[in-house]
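Chain residues, written in single-letter form:
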Amino acid sequence: MKHYDIIIIGSGSGNSFPTEEFDDCSIALVEEGPRFGGTCLNSGCIPTKMYVVAADTAATAADSSKLGIDMTFEGADWPAIVDRVFAHRVDIIARGGEDYRRGDECPNVNLYNGHAEFTGPKTLRTSIDGEPATISGDTIIIAAGSRPFIPPVIAESGVEFHTNEDIMRLPQQPESLTILGGGYIAMEFAHVFQSLGTHVRIVNRSPLMRHLDKDIHDRFNAQAAPRYETHLGRVVTAATTSPDGGVTLTLDDDTTVTSSALLVATGRVPNSDRLGLEASGIDVRDDGRIVVDDYGRTTCDGVWAVGDVSSPYMLKHVANAELRAVRHNVLCVADAQNDPSRAGMIPLPHDHVPSAVFTYPQLASVGMTEQQALDAGHDVTCKIQAYGDVAYGWAMEDTTSAVKLIADRSTGRLLGAHYMGPQAATLIQQMVTVMAFDLDLRKVARHQYWIHPALTEVTENAILGLDLDFPPA
Ligand SMILES: Cc1cc2nc3c(=O)[nH]c(=O)nc-3n(C[C@H](O)[C@H](O)[C@H](O)COP(=O)(O)OP(=O)(O)OC[C@H]3O[C@@H](n4cnc5c(N)ncnc54)[C@H](O)[C@@H]3O)c2cc1C
Ligand SMILES: NC(=O)c1ccc[n+]([C@@H]2O[C@H](COP(=O)([O-])OP(=O)(O)OC[C@H]3O[C@@H](n4cnc5c(N)ncnc54)[C@H](O)[C@@H]3O)[C@@H](O)[C@H]2O)c1
């Protein structure tokens, strides 16, 4: 059995753990997947957004007549897009990352390319190039991520289905696609495929993006749902392969929905159930997340967890931030053994976590919904500001996009911000800053210039529309 100072399970966020502070440590990095670098790089954030940019461009062309421009969308060269995304970008980065870890620049890192499973508190069974190996570590970082949840009615039916792991690498663009689910992944792929010319059918048990603030949720459903053939409020009772090789879903109202391909996007489950955690005394929550304390420590001393496998947020920027905190904390523990005054661990940063959905229209949120703010007992003031009421919105002929800000009237503090429309993910960053630095909205509105006539004026006007006591202009 080989012993390491540090073992890392998972090459997604886990691959960022070894920095120069650990150059004197022996490190084992275990990755079972066929591709190095985890979900974000290979089948998540990065490739999806590369498809989204293509889809946005196609949608802009299709919608150009409102600007007096005569552009038409003539169709997508799907194999060329697949090539652009994977052969020319993602696969090169993944191979480069793996080569780097295997190469001379990382002499203290051994890469194991097999499945890792605990056999004892700090001992793992894995393999390297097919050869079984048992390794132990003083410190273990579990960054094993999550995988798609497949409802039993699909999993047990025997029909062919796709997930985010393979849908982007299909050799041909499907003529029609049924998407099961109405959350982040479903809505991003719905936009991609619909904009690129696939007939998209969505089946979901609730309205789309149900977690949003109600005003934004209603506007989103009013705008997004009609773009697709939707079957909302329905559950699947059976799935069969149709005679032409497509997939037919039967719904609980006896409707049948047939498309040439099926994408399942019904949530993700942490990979904790495949780690033999019972052998290590590591506790797991009912929803499958590994239990960690505020500092990222599991219930087994010296074993830490970060990212989708343990986090309340399945988001890459959160996994990265947790990883940075845990790296700091591991160093603190090491330092404290030599110098007990060096305690200084930092908590996992879970305040003001923003998220964006790169669908059509784009969505972005940070903080509370109006209902959450009311339930929390705040003296709530809200403003919904239409993009179409500021100059850049006029320029875009925008009639549907909106920002909703939620603030506390007595303190002038922002409680939540919700954007729906072009550049939502970028526009919201100012509001993330406001919350992170605990700024007073009354000053934010008046103590800076807002570039005219930039789209950020929608934020300025939203703030000024709140029932707050602003200083004179
Ligand atoms: C389609 C899609 C789009 C997304 N888009 C965004 C986005 O735009 N913005 C955003 O913030 N987030 C996005 N996310 C979420 C984001 O990808 C994840 O939150 C993030 O990648 C999680 O990182 P991680 O390090 O926890 O896990 P991962 O990156 O999944 O890494 C875990 C690694 O561990 C390996 N592994 C697992 N178990 C074992 C084992 N037992 N032994 C050995 N190896 C193992 C896996 O093979 C994997 O490579 C998206 C996710 C998906 C699916
Ligand atoms: N832009 C981004 O940041 C981004 C993009 C994609 C994914 N992600 C992350 O990945 C996570 C997973 O994405 P997702 O879209 O799979 O999950 P989600 O939680 O956003 O949506 C799941 C959807 O599946 C439906 N569903 C759940 N169980 C079902 C069942 N048994 N039968 C039928 N429908 C069911 C739900 O009603 C919901 O509409 C997200 O929560 C997010 O954290 C982030």
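For clarity, every value in this text was computed on a predicted model and none was experimentally measured.

Examining a nonpolar patch on the surface
Next, step 1: On the surface, a nonpolar cluster with roughly 270 Å² of combined accessible area is contributed by Leu 67, Ile 69 and Met 71.
Next, step 2: You can see Leu 67 is positioned in the loop between α2 (45-62) and α3 (78-102).

Some details on the side chain of Thr 48
Next, step 1: Turning to its location among the elements, Thr 48 is positioned in helix α2.
Next, step 2: A relative accessible area of 7% means that Thr 48 is categorised as buried.
Next, step 3: One polar contact links Thr 48 to Lys 49, side chain to side chain, over a distance of 3.0 Å.
Next, step 4: In contact with Thr 48, not counting residues within four places along its chain, are Met 168, Glu 188 and Phe 189.

A few points about the UniProt feature "binding site: NAD(+)" (unreviewed entry) in the chain
Next, step 1: Under the UniProt annotation, the feature "binding site: NAD(+)" (unreviewed entry) is placed at Gly 181, Gly 182, Gly 183, Tyr 184, Ile 185, Ala 186, Met 187, Glu 188 and Gly 267. These annotated residues cover 87 residues of sequence, but their C-alpha atoms sit close together, with the largest distance between any two at 13.4 Å.
Next, step 2: Mapped onto the fold, Ile 185 is located in helix α5 (residues 184-195).
Next, step 3: Ile 185 gets classed as partly exposed once you look at its relative accessible area, which sits at 27%.
Next, step 4: Contacts of Ile 185, omitting those with residues within four sequence positions, involve Ala 265 and Arg 268.
Next, step 5: Among the secondary structure elements, Ala 186 is positioned in helix α5.
Next, step 6: Among all residues touching Ala 186, those that are not within four sequence positions of it are Ile 179, Gly 181 and Ala 265.

Here's the deal with the UniProt feature "binding site: FAD" (unreviewed entry) in the chain
Next, step 1: Listed under "binding site: FAD" (unreviewed entry) in the UniProt record, and renumbered for this structure, are Lys 49, Asp 308, Met 314, Leu 315, Lys 316 and His 317.
Next, step 2: Turning to its location among the elements, Leu 315 is positioned in the loop between β16 (303-305) and α7 (316-338).
Next, step 3: Of the residues examined, Leu 315 reaches a relative accessible area of 18% and is grouped as buried.
Next, step 4: Looking at the secondary structure, you find His 317 in helix α7.

With respect to the site of ligand 2
Next, step 1: Lining the immediate surroundings of ligand 2 are 20 residues, of which Ile 185, Glu 188, Gly 267, Met 314 and Ala 356 lie closest.
Next, step 2: A distance of 2.8 Å separates an oxygen atom of ligand 2 from a polar backbone atom of Ile 185.
Next, step 3: Between ligand 2 and Gly 267 there is a distance of 2.8 Å, counted from an oxygen atom to a backbone nitrogen or oxygen.
Next, step 4: Computed on the free molecule, ligand 2 has an accessible area of 840 Å², of which 77% lies beneath the protein chains in the complex.
Next, step 5: Ranked by the residues each element gives to the shell around ligand 2, the list is headed by α5, at three residues.
Next, step 6: Here the residues of the shell around ligand 2 are counted per class, giving nine nonpolar, seven polar and four charged.

A few points about the packing of aromatic side chains
Between two aromatic rings, the relevant description is the distance of the centres plus the angle of the planes.
Next, step 1: Going through the model one piece at a time under the given rule, you end up with six aromatic pairs.
Next, step 2: Taking the centre distance of 6.3 Å and the plane angle of 40° together, the rings of Phe 189 and Phe 193 count as tilted. Within this pair, Phe 189 and its partner Phe 193 are both found in helix α5, separated by four residues, close to a single helical turn.
Next, step 3: Among the aromatic residues, those joined into a ring-pair cluster are Tyr 51, Trp 78, Phe 86, Phe 189 and Phe 193.
Next, step 4: The residue whose ring lies beneath Arg 169 is Phe 86, and the NZ or CZ to ring-centre distance is 3.8 Å.

Some remarks on the pairing of strand β13 (residues 256-259)
Next, step 1: Where burial is concerned, the two faces of β13 differ: the one with Val 257 and Ser 259 is buried and the one with Thr 256 and Thr 258 is not.
Next, step 2: Pairing analysis gives four bridges linking strand β12 (residues 247-251) to β13, with the strands arranged antiparallel. Looking across to β13, one finds that Thr 250 is bridged to Thr 256.
Next, step 3: Joining the antiparallel neighbours β12 and β13 is a turn of four residues, in which Asp 254 adopts a positive phi near 70°.

A short note on a negative patch on the surface
Next, step 1: Negative charge collects at one region of the surface, where Glu 20, Glu 21, Asp 23 and Asp 24 lie side by side.
Next, step 2: Relative to the helices and strands, Asp 23 is located in the loop between β1 (2-9) and β2 (27-30).
Next, step 3: Asp 23 sits in the partly exposed class, given a relative accessible area of 49%.

Comments concerning the sheet that holds β13
Next, step 1: Here we have three strands laid out as an open sheet, ordered β11-β12-β13, and antiparallel in their pairing. Two strands lie at the open edges of the sheet, namely β11 (236-241) and β13, each paired on one side alone. On average, each strand axis in the sheet is tilted by 20° relative to the strand beside it, whichever way the strands run.

As for the environment of Asn 15
Next, step 1: As for its placement among the helices and strands, Asn 15 is situated in the loop between β1 and β2.
Next, step 2: Here Asn 15 falls in the buried class, since its relative accessible area comes to 18%.
Next, step 3: With near-sequence residues (within four places) excluded, Asn 15 lies in contact with Gly 10, Leu 29, Phe 36 and Arg 101.
Next, step 4: Side-chain polar atoms of Asn 15 contact the side chain of Arg 101, separated by 2.7 Å.

Examining the packing of α2 against α3
In a pair of packed helices, the angle between the axes and the distance between the axes together describe the arrangement.
Next, step 1: Here α2 crosses α3 at 140°, and the two axes come no closer than 11 Å. In terms of axis orientation, α2 runs oblique to α3. Helix-helix and strand crossings are classified by hand; for α2 and α3 the assignment is right-handed. Contacts from Ile 46, Pro 47, Met 50, Tyr 51 and Ala 54 of α2 reach α3 at Trp 78, Ile 81, Val 82, Arg 84, Val 85, Phe 86, Arg 89 and Val 90.

With respect to the site of ligand 1
Next, step 1: Taken together, the neighbourhood of ligand 1 is formed by 36 residues, with Ser 13, Glu 31, Thr 39, Lys 49 and Asp 308 sitting nearest.
Next, step 2: Contact between ligand 1 and Lys 49: an oxygen atom at 2.7 Å from a side-chain N or O atom of the residue.
Next, step 3: Here ligand 1 loses 92% of its free accessible area of 1000 Å² to cover by the protein chains.
Next, step 4: When residues of the shell around ligand 1 are traced back to their parent elements, those giving at least two are α1 (38-43), α2 and α7.
Next, step 5: The element that contributes the greatest number of residues to the shell around ligand 1 is α1, accounting for four residues.
Next, step 6: Tallied by class, the residues present in the shell around ligand 1 amount to 12 nonpolar, 17 polar and seven charged.

Here is what the cut-offs are and how they apply
Residues numbered from 1 in each chain as written. Chains lettered and ligands numbered in written order. Predicted model: local features only at pLDDT ≥ 70, side-chain atom pairs only at ≥ 80, totals over all residues. Heavy atoms only, no water. Patch = residues over 30% accessible without salt bridge, like charges linked within 9 Å, V, L, I, M, F, W, Y side chains within 5 Å. Areas by Shrake-Rupley, 256 points an atom, 1.4 Å probe, with all protein chains shown as cover. Salt bridge = Lys/Arg side-chain N within 4 Å of Asp/Glu carboxyl O. Helix = DSSP H or I, 4+ residues; strand = E, 2+ residues; numbered from the N terminus. Buried < 20%, exposed > 50% of the residue type's maximum accessible area, 1.4 Å probe, protein only. Polar contact = N/O pair within 3.5 Å; in protein donor to acceptor, adjacent residues only side chain to side chain. Contact = heavy atoms within 4.5 Å. UniProt positions renumbered as here; feature names shortened; annotations may be inferred. Near = heavy atom within 4 Å. Nonpolar A, V, L, I, M, F, W, Y, C, P; charged D, E, K, R; others polar. Phe/Tyr/Trp six-rings, centres within 6.5 Å; stacked < 30°, edge-to-face > 60°. Lys NZ or Arg CZ within 6 Å of the ring centre and 35° of its normal. Pairing = 2+ DSSP bridges. Lys, Arg positive; Asp, Glu negative; His and termini not counted. Charge placed at Lys NZ, Arg CZ, Asp CG, Glu CD. Axes fitted to C-alpha atoms, helices over the stretch in contact; angles between N-to-C directions. Parallel < 35°, antiparallel > 145°, perpendicular 65-115°, else oblique. Left-handed = near helix turned anticlockwise from the far one by under 90°.

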